Amino acid sequence: SSGINAEYGIITVLSGKGGVGKSTTVAVLAGTLASSGLSVGVLDADLCGPSLSRMIGLKGSIHSCEQGWLPLSASVGKGRISAVSLSFLVENQDEAVIWRGPKKTAMIKQFLSDVCWGALDYLLIDTPPGTSDEHMTIMEAIPNCSVVLVTSPQAVAAADVLRQVTFCKKTNANVLGIIETMSGFVCPNCSDCGLLFGKGGGKRLAEYCNIEFLGYVPIDPNLSRLLDRGELFKNFQSSASIQSYTEITKKLIKP
C-alpha cells in the first residue's frame, strides 16, 4: 500500500545553509544503513536541485501501480535502498524547475502519501536550504519529525543553521544532533588532513543549543569522485569521509 511505514523512524536532514553537504549526508547515511542489512527509503525533497539520484547512482522513471508510485530501488550490501526524486519524473534533467510554493507543496505531499515504499526500516529525507514551503510541508505531514542538522565549520554557516534550530523548535521537530562537514581536507596522496575552513563551528553550535554533536566529516576527493560518477555503493568503504559517517550512523541507529 502507499504511504510511509518506517519501523525505526523518519530522519529529515536540514540546514539553513546551501552547499554544506545535506545530499551527501543523506546518500552516505542511506548507504551505511543499507550495508548493515536494513531497508532504507530516500525521499529527495529538493525539487529545484534534485541531485541525490545521481549521487546514489539510480536512473530511470517512476512507474505507477494501483496503490501509487513505485520508487526506484537497488541492493546495497545486505540491504536495499529505494528512492523517489523529481529527477525520475522530468524528461530533461538540464531544464530548470520553475515552481511556485503551492506546486512544490503538492508534490512533496504526493511523495509522502502516494509512494508504495513497502516495509522500510528508515526513511531519510533530503531538503533544500532554508525554512520555507518544502520544510513546513514535511513538518506538518510528519509530527515530531526527527532531524539531523548539517553545517560547515565557518561562523557564517553556523549562524544560518542556528536559525534552522529555531525553526525546529517552532515546528516541534526532534533534533537528533549536528554534523560538521568540510572539517578538514584529506589529501588523496598521503591521507594527511589539513584544516581548510577551520574546525569546531558545528560543535560550538551544538554546545550553544544544547544539542548532541554527532561528529566531524572531512572533505574527501575520493568520496566526491564516487558521488559524481554515481558509484558510491560500488566502492563504499574507500573513503575517510564514509568512515566518519559510519561512526555517526552508530549514534543515530536504534538497537
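For the structure itself, consult the block above.
This is a predicted model, so every value here is computed, not measured.

The rules we used
Residues numbered from 1 in each chain as written. Predicted model: local features only at pLDDT ≥ 70, side-chain atom pairs only at ≥ 80, totals over all residues. Heavy atoms only, no water. Helix = DSSP H or I, 4+ residues; strand = E, 2+ residues; numbered from the N terminus. Rg over C-alpha atoms; globule rule 2.2 N^0.38 Å. Buried < 20%, exposed > 50% of the residue type's maximum accessible area, 1.4 Å probe, protein only. Contact = heavy atoms within 4.5 Å. Areas by Shrake-Rupley, 256 points an atom, 1.4 Å probe, with all protein chains shown as cover. Lys, Arg positive; Asp, Glu negative; His and termini not counted. Charge placed at Lys NZ, Arg CZ, Asp CG, Glu CD. Phe/Tyr/Trp six-rings, centres within 6.5 Å; stacked < 30°, edge-to-face > 60°. Salt bridge = Lys/Arg side-chain N within 4 Å of Asp/Glu carboxyl O. Core = buried A, V, L, I, M, F, W, Y, C linked by side-chain atoms within 4.5 Å.

Peer 1: Any details on the overall build of the protein chain? Residues and values, ideally.
Peer 2: Tallying secondary structure elements over the protein chain gives eight helices and 12 strands in all. Its C-alpha atoms give the protein chain a radius of gyration of 17 Å, within 12% of the compact-globule value 18 Å for 255 residues. By principal-axis analysis of the C-alpha atoms, the protein chain measures approximately 55 × 40 × 40 Å. For the protein chain, with 255 residues in total, the buried portion stands at 53%. The contacts in the protein chain between residues at least 6 apart in sequence include a share of 77% that link residues at least 24 apart. For the protein chain, the exposed area adds up to about 11,800 Å²; of that, 49% sits on carbon and sulfur atoms. Averaging the locations of the 22 positively and 22 negatively charged side chains of the protein chain gives two centres separated by 4 Å.

Peer 1: Explain the packing of aromatic side chains to me, and be specific about the residues and the numbers.
Peer 2: Taken as a whole and assessed by the stated rule, the structure comprises two aromatic pairs. Ring centres of Trp69 and Phe111 lie 5.9 Å apart, and the angle between their planes is 65 degrees; this geometry places the pair in the edge-to-face category. A residue pair is termed long-range when its members are at least 10 positions apart, and Trp69 in strand 4 (residues 68-70) and Phe111 in helix 3 (residues 101-113) qualify at 42 residues. Taking the relative accessible area as the measure of exposure, Trp69 reaches 16% and is therefore buried. The exposure class of Phe111 is buried, given its relative accessible area of 0%.

Peer 1: Describe in detail the pattern of salt bridges, supporting the description with residues and values.
Peer 2: Considering all chains together, one arrives at four salt bridges under this definition. Notably, a salt bridge pairs Lys104 with Glu134, separated by 3.2 Å at the nearest N-O pair. Of this pair, Lys104 sits in helix 3 while Glu134 sits in helix 4 (residues 133-141); the two residues are 30 residues apart in sequence, bridging distant segments of the chain. Residues Lys104 and Glu134 agree in their burial class; the two are buried. Ionic pairing is found between Lys250 and Glu247, a salt bridge with its closest N-O pair at 3.1 Å. Of this pair, Lys250 and Glu247 both sit in helix 8 (residues 240-252), three residues apart, which is roughly one turn of the helix. Each member of the salt-bridge network shares a partner with another, and the members are Lys17, Asp160 and Arg163.

Peer 1: Any details on the nonpolar core? Residues and values, ideally.
Peer 2: Within the largest apolar cluster, 73 residues are counted, with the highest numbers of intra-cluster contacts made by Val40, Leu43, Phe111, Leu124, Ile125 and Leu149. Top contributing element to this core by residue count: helix 1 (residues 22-35), with seven residues. Not counting chain neighbours up to four residues away, the residues in contact with Val40 comprise Ala30, Leu33, Ala34, Arg80, Ile81, Ser82, Leu120, Tyr122 and Leu124.

Peer 1: If you had to explain the environment of Lys103 to someone new, which residues and values would you point to?
Peer 2: Within the element layout of this structure, Lys103 appears in helix 3. Considering only alpha carbons, one finds Lys103 and Ile4, 99 residues apart in sequence, at a separation of 21 Å.

Peer 1: Describe in detail the side chain of Thr137, supporting the description with residues and values.
Peer 2: Tracing the backbone shows Thr137 in helix 4. With residues up to four places along the chain from it excluded, the contact list for Thr137 reads Thr105, Ile108 and Lys109.

Peer 1: Got a sec to walk through unusual backbone geometry? Specific residues and values, please.
Peer 2: Even without glycine at this site, Asn144 takes up a positive phi of about 55 degrees. When you line up the elements, Asn144 lands in the loop between helix 4 and strand 8 (146-151).

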